[in-house]
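Below, each chain spelled out in residue letters.
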Amino acid sequence: MGFLNVPMGFLKVTDVVAGYTAADEILKGLDFALDAGEIVCVIGPNGAGKSTLLKTIAGLITPSRGAITFKDHSLVGLPPRDITRLGVAYVPQEHNVFPSMSVTENLEIGGYIAPARVPERMGEVLARFPVLAGKRRHAARTLSGGERQILAMAMALMVEPELLLLDEPSAGLAPAAAERLFEEVRAVNRDRVAIVLVEQNASEALAVADRAYILVDGRTSRSGEARALASDPEIRRIFLGG
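**Notes on the sheet that holds strand S2 (residues 27–34)**
Overall, antiparallel pairing links the four strands, which are arranged S2-S1-S4-S5 in an open sheet. Looking at strand neighbours, the two that pair on one side only are S2 and strand S5 (73–74), the edges of this open sheet. Where strand S1 (residues 11–18) meets S2, six bridges bridge the pair, whose relative direction is antiparallel. Across the sheet, residue Leu11 finds its bridge partner in S2, namely Leu34. Of the strands in this sheet, S1, S2 and strand S4 (65–70) are in contact with helix H1 (residues 50–58), which crosses S1 at around 110°.

**A word on the packing of helix H3 (residues 103–110) against helix H4 (residues 118–128)**
Direction vectors running N to C along H3 and H4 enclose 120°, while the axes themselves pass 10 Å from each other. By the criterion of interaxial angle, the relationship of H3 to H4 is oblique. The element H3 and its partner H4 pack so that their crossing is right-handed. Residues Thr104, Leu107 and Glu108 of H3 touch H4, and the partners they reach there are Val118, Met122, Val125 and Leu126. Each residue belonging to the contact of H3 with H4 can be placed in one class, and the counts come to five nonpolar, one polar and one charged.

**As for H3**
Turning to H3, its buried residues number three or more, namely Val103, Thr104, Asn106, Leu107 and Gly110. The buried residues of H3 occupy an angular sector of 160° when the element is viewed end-on, so they sit on one face. Where H3 is buried, its residues touch H4, helix H5 (130–133) and helix H6 (145–157).

**Remarks on the environment of Ser223**
For Ser223, the location among the structural elements is in strand S10 (residues 219–225). Residue class for Ser223 comes out partly exposed when judged on its relative accessible area of 42%.

**Some points on the layout of surface pockets**
Its boundaries defined by the atoms lining it, the largest pocket holds a volume of some 500 Å³. For the largest pocket, the lining is made up of 21 residues, of which Tyr90, Pro92, Tyr112, Met155 and Ala156 are closest to its centre. With four residues, strand S6 (residues 88–91) is the largest single contributor of residues to the lining of the largest pocket. By residue class, the composition of the lining of the largest pocket is 17 nonpolar, four polar and no charged.

**Focus: the pattern of salt bridges**
Where charged atoms from two side chains of opposite charge approach closely, those side chains can pair. Summed over all chains, the structure comprises 11 salt bridges. With a closest N to O distance of 2.3 Å, Arg128 and Asp191 form a salt bridge. Taken together, the residues span a long stretch of sequence, with Arg128 in helix H4 and Asp191 in the loop between helix H7 (175–190) and strand S8 (194–198) at a distance of 63 residues. Judged by its relative accessible area of 28%, Arg128 is partly exposed. The exposure class of Asp191 is partly exposed, given its relative accessible area of 47%. Measuring nitrogen to oxygen at the nearest pair gives 3.0 Å for the salt bridge that ties Lys135 to Glu147. Here Lys135 is found in the loop between H5 and H6, whereas its partner Glu147 is found in helix H6, with 12 residues between them in sequence.

Rules used throughout
- Residues numbered from 1 in each chain as written.
- Predicted model: local features only at pLDDT ≥ 70, side-chain atom pairs only at ≥ 80, totals over all residues.
- Heavy atoms only, no water.
- Pairing = 2+ DSSP bridges.
- Helix = DSSP H or I, 4+ residues; strand = E, 2+ residues; numbered from the N terminus.
- Contact = heavy atoms within 4.5 Å.
- Axes fitted to C-alpha atoms, helices over the stretch in contact; angles between N-to-C directions.
- Parallel < 35°, antiparallel > 145°, perpendicular 65-115°, else oblique.
- Left-handed = near helix turned anticlockwise from the far one by under 90°.
- Nonpolar A, V, L, I, M, F, W, Y, C, P; charged D, E, K, R; others polar.
- Buried < 20%, exposed > 50% of the residue type's maximum accessible area, 1.4 Å probe, protein only.
- Arc of directions from axis to C-beta.
- 1 Å grid on protein atoms, 1.4 Å probe; cavity = no way out; pocket = protein on both sides within 12 Å on 5 of 7 lines; lining within 4 Å.
- Points joined across faces, edges and corners; volume = space filled by probe spheres on them.
- Salt bridge = Lys/Arg side-chain N within 4 Å of Asp/Glu carboxyl O.

Here it is, written out as structure tokens:
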């Protein structure tokens, strides 16, 4: 896509300080922004604050300082359910499906904020992910790792979000499964769902993203167009292995 002049009125994180306790500052004055329709990836070393950023946007962590706005709505202090109602869906890295429940039951739970829309929305989501349609009666624990990640993303899409927060979706997947997952991420984005993608697989993340942020020690170290960062010699040496 390539957003050269990004107005940044969609999601904006300004000077955010946040952590898991009052004395624990993982994000240390972080600034971050994303426009409608973009894929923005967030990369960086372990402990840089990537997952904490997503949890703070999603309302699972309340920042001690700073502002987070989504389409001019302040998200600070809102419970996660209300943030979801505004159009933000979060997919955690782990424990993101109910293993003993069927694919259908997981999708029903995903649509919890609008139960009347569940049947129609489930049909749309299963059409989007045929691999799930063929296993709708199967327990989630019987799915492959890649299929479970697709199910987790499908559950998030049940609420018809405008913004999807994905935390390490390719973690633990074989290369072929990871490649398929990134193809699904691109397809979801083509339906005009903006995506914040936290990834350790920096090469793939930069390949699918429009822009990227590199976090180091709770702050933005670098940001810019993903293609430019992927070709930067220093970034390649540190994050891409050469």
